[in-house]
Amino acid sequence: MTRFEKKIWLSSPTMHGEEIKFVQQAYDTNWMSTVGENIDEIERLICEMVGCKYAVALSSGTSALHLAVKLAGVKQGDNVFCSDLTFSATVNPVIYEKANPIFIDSEYDTWNMDPVVLEEAFKIYPDTKAVIVVNLYGTPAKLDEISDICKKYGAILIEDAAESLGATYKGKQTGSFGTYNAISFNGNKIITGSSGGMLLTDDLEAANKARKWSTQSREDAPWYQHEEIGYNYRMSNVIAGVIRGQIPYLEEHIAKKKAIYERYKDGFKDLPITMNPYDEYNMEPNFWLSCMLIDKEAMCKQIRTDNKAFYDSEPGKSCPTEILETLANCNVEGRPIWKPMHMQPLFKNNLLIFREGTMRSVTDDYSESKISVSADIFNRGLCLPSDIKMTPDEQDKIIEIVKSCFK
Ligand SMILES: *Cc1c(COP(=O)(O)O)cnc(C)c1O
């Protein structure tokens, strides 16, 4: 089988040349700190693109989520409904504030938070303050339904759009549906600053608070005066230079990611595989990561413990573990689907709400028939290499590698 000389990455940074000019400009003018033209300019450009009033450039998407949770007024012991199928960065800020995340299962249409389960969750916990919804792998959640439910129960919606910059839902950009929204410029995201993030909102007072909190909460005084807790969360003007050079290429990156998704979809049409789904009438994802899901009947036996995976190869069948190992042997990086939060030992005392009812994380033993949608997607799915520097020829070889696993 093909072993690639040069590693094929899941999703690595793609630079274009302009980035270094803006970094150089920061250097030449000595704006090497957390203020400067690059920061002002990217805040303006992102507002214009996403269609929000205020953007606050921060050190990461996680810091943006943390400030969003604080702005939502989440306090110790408060319940916060969070997408179950996500990266832990979505949920950690809830823990920073000593609040209580309750996980909401996914639906199969988009792999995102199930609005039916969210409504059920509000019936059980009507006083829940906030909801953090993720747009997984660049596919928007059912954002209208989720916003309507939040309005009905008086909860604040926070959108974790870290993976979905540039994706739209009913023609409106993701990152504009929540009262507070977070985006990320981490190294493997659709555009990058090497790191960085932003809080997006239409609320001027909130944006000003976030700016203050992100700079150690200095009060307006002739000395360092502090009345509330602060953070060192501001973005560097050097990083902002990289992002400033990347923003004009967002559309191009999305087009390339979409072509990769379509090529996989076509390449897999005779296999017992489907791609990560979306609603073609209402959504235009940014196709950040192409993912695949193996049909139930085509799964070979696979066992995952807390830190190891095993499988029994079977003719005509495969599993994510076999495919990921085979790809790795060919010098290709794939990735398991995010392991659901309710399956993480860190959150063993937190509740999952799913269509079958509720369960308390990993400590409840659940039968096959009662498995959550999120756990099912984790078991049967995986993220395929989605690097936009991968050539069609290289991608065709990767498709062949995946096919070989089902032989
Ligand atoms: C990347 C990511 C984040 C965090 O962004 P950072 O900039 O890495 O802190 C949050 N949520 C999701 C879903 C992500 O994929």
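Everything numeric in this text was worked out from a predicted model, so none of it was measured.

The next subject is the environment of Y311. Along the chain, the position of Y311 falls in strand β14 (residues 309-312). You can call Y311 partly exposed: its relative accessible area is 28%. Separated by 11 residues in sequence, Y311 and E322 place their C-alpha atoms 6.9 Å apart. Sequence-distant contacts of Y311, that is, excluding residues within four places in its chain, are made with C300, K301, Q302, C319, T321, E322 and E325.

Quick look at unusual backbone geometry now. Phi at S194 takes a positive value of approximately 85°, unusual for a residue other than glycine. In this fold, S194 is placed in the loop between β8 (180-184) and β9 (197-201). Of note, Q216 is a non-glycine position whose phi angle comes to about 65°, a positive value. For Q216, a relative accessible area of 39% gives the class partly exposed.

What follows deals with the sheet that holds strand β3 (residues 100-104). Strand order in the open sheet formed by nine strands is β1-β9-β8-β5-β4-β2-β3-β16-β17, with mixed pairing between adjacent strands. Because the sheet does not close on itself, it has two edges, and the strands there are β1 (54-58) and β17 (357-359). On average, each strand axis in the sheet is tilted by 20° relative to the strand beside it, whichever way the strands run. Relative to β17, strand β16 (residues 352-354) is paired through three bridges, and the arrangement is antiparallel. Paired with I353 across the strands is T358, a residue of β17. The sheet contacts of helix α3 (residues 61-71) involve β1, β4 (130-134), β5 (156-160), β8 and β9, and relative to β8 the element is tilted by about 170°. Packing of helix α7 (residues 204-214) onto the sheet brings it into contact with β1, β8 and β9, and relative to β1 it is tilted by some 15°.

This paragraph deals with the packing of aromatic side chains. Considering all chains together, one arrives at 12 aromatic pairs under this definition. Ring geometry for F122 against Y153: centres 4.7 Å apart, planes inclined by 10°, an arrangement best described as stacked. Here F122 is found in helix α5 (residues 115-124), whereas its partner Y153 is found in the loop between α6 (143-152) and β5, with 31 residues between them in sequence. Three or more aromatic residues link up through ring pairs in this structure, and these residues are F87, Y137, W288 and W338. We note K70 situated over the ring of W213; from NZ or CZ to the ring centre the distance is 5.0 Å. In this arrangement the basic side chain of K172 is found over the ring face of F177, its NZ or CZ atom lying 4.2 Å from the centre.

The rules behind each value
- Residues numbered from 1 in each chain as written.
- Predicted model: local features only at pLDDT ≥ 70, side-chain atom pairs only at ≥ 80, totals over all residues.
- Heavy atoms only, no water.
- Helix = DSSP H or I, 4+ residues; strand = E, 2+ residues; numbered from the N terminus.
- Buried < 20%, exposed > 50% of the residue type's maximum accessible area, 1.4 Å probe, protein only.
- Contact = heavy atoms within 4.5 Å.
- Pairing = 2+ DSSP bridges.
- Axes fitted to C-alpha atoms, helices over the stretch in contact; angles between N-to-C directions.
- Phe/Tyr/Trp six-rings, centres within 6.5 Å; stacked < 30°, edge-to-face > 60°.
- Lys NZ or Arg CZ within 6 Å of the ring centre and 35° of its normal.

Purely geometric numbers; function is a separate question.
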